[in-house]
Amino acid sequence: MTLETRRVGPEAAAEVLAVVKAAFADRPVLDPPADALAETEDSIAAMLALSGGLLVLDEGRPVGALVLDPVDDDVYLRRVSVDPGAQGHGIAHRLVRAALLETARAGARRVRLLARQELPRTIGFWRDLGFIETGRHAPYVEMARPAPVVVDVPGADDMRDLGRRIAGRLAGGDVLVLSGELGAGKTTFTQGLGEGLGVRGGITSPTFVISRVHPSLGDGPALVHVDAYRLGGQAELDDLDLDTDLDEAVTVVEWGTGIAEGLSEARLEVRITRATGQADDGEADRAVDPEADPRVVELDGIGARWLDTDLRPID
Ligand SMILES: Nc1ncnc2c1ncn2[C@@H]1O[C@H](COP(=O)(O)OP(=O)(O)O)[C@@H](O)[C@H]1O
Ligand SMILES: [Mg+2]
């Protein structure tokens with residue numbers, strides 16, 4: 001399979017409709033029937049005209065589709081569909097991941113959807129992707145998750161600024177899971193966080209110790225800084241016996257993906273990558289700041305704790 005995800009408008013109504021029909025025809029018959037079965041090319045084109053949708057193609061053949069429907073500060077995912085013949089290749093995950101990034105780029109707060117309450121496996125799929133049940137209006141379960149926030153971070157000072165800004169949104173008990181390769185800026189981000197929280201400084205990459213507690217200089221939460229790089233797994237993180245402080249402190253785990261999830265039901269995932277695909281606009285910019293080594297940071301709140309916390313930059 002060679003998959004490609006494409007942002008589409010009303011011109012792709014026929015292709016989107018074909019995937020929607022195939023997917024919904026294959027689902028259990030519901031009462032009342034799924035609205036999707038009544039869609040026509042015109043009705044899909046009308047939905048796509050508002051803010052478009054996403055199409056996944058396998059060597060040019062449409063195999064996955066969804067429609068993006070903005071409502072106030074949120075975006076609803078509608079008609080999420082995968083061709084039954086193409087299931088089991090991660091197309092649904094790919095679609096949703098692309099939809100979350102589209103939503104992030106559009107600056108929306110939350111991603112919402114309606115799932116049929118008779119379909120627990122579908123609801124489980126969404127739950128695994130960080131969606132939380134926010135209401136029940138028979139025959140629907142309404143689910144939502146925060147949209148990720150994507151921030152461009154040109155230099156190390158900007159990374160510290162970002163940490164400082166996020167600190168203002170945090171409270172004792174919060175867990176942050178930082179990911180990104182060696183030298184990505186996880187510790188730099190944590191330094192800003194420490195400044196913003198007003199904790200005792202000296203935040204470094206803990207080379208010999210695995211975790212360090214930075215007490216508050218005021219009456220705010222302490223910062224527990226964990227570097228899980230050399231930790232074998234969940235068991236070892238438990239061995240650190242951090243639980244005593246966790247309800248009161250802000251806990252930051254570098255390299256925590258796959259390890260720190262057990263610490264708390266909710267977590268803020270901070271994913272740092274090197275910026276790529278920048279326009280090559282000559283030597284001028286590089287001459288101004290030879291140290292500039294831009295990053296992209298994705299802030300992604302998992303769990304009810306983050307649903308109403310606005311992590312978007314304030315400016
Ligand atoms: N845009 C940027 N964001 C973060 N760090 C940057 C950036 N540009 C350059 N740097 C440098 O990259 C290094 C990041 O190191 P560090 O924060 O220890 O990474 P990690 O903890 O992810 O291994 C620092 O030396 C920092 O000055
Ligand atoms: Mg580090």
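Everything numeric in this text was worked out from a predicted model, so none of it was measured. (Residues numbered from 1 in each chain as written. Chains lettered and ligands numbered in written order. Predicted model: local features only at pLDDT ≥ 70, side-chain atom pairs only at ≥ 80, totals over all residues. Heavy atoms only, no water.)

Chemist: Give me the site of ligand 1: which residues, what numbers.
Modeler: Not every one of the 17 residues close to ligand 1 is listed here, only the nearest: G183, G185, K186, T187 and T188. One of the backbone N or O atoms of G155 is found 3.4 Å from a nitrogen atom in ligand 1. If ligand 1 stood free it would expose 570 Å²; the protein chains cover 75% of that surface. Secondary structure elements with two or more residues in the shell around ligand 1: α5 (156–167) and α6 (186–197). Looking at the shell around ligand 1 element by element, the count peaks at three residues for α6. Across the shell around ligand 1, the residue classes tally to six nonpolar, six polar and five charged. (Near = heavy atom within 4 Å. Polar contact = N/O pair within 3.5 Å; in protein donor to acceptor, adjacent residues only side chain to side chain. Areas by Shrake-Rupley, 256 points an atom, 1.4 Å probe, with all protein chains shown as cover. Helix = DSSP H or I, 4+ residues; strand = E, 2+ residues; numbered from the N terminus. Nonpolar A, V, L, I, M, F, W, Y, C, P; charged D, E, K, R; others polar.)

Chemist: Could you give an account of the pairing of strand β13 (residues 267–274), with specific residues and numbers?
Modeler: Relative to β13, strand β9 (residues 175–179) runs parallel, the two being bridged by four bridges. If you follow L178 over to β13, its bridge partner there is V270. Where β13 lies against strand β14 (residues 295–302), eight bridges are found, and the strand directions are antiparallel. Its bridge partner being in β14, L268 is matched across the sheet by G301. (Pairing = 2+ DSSP bridges.)

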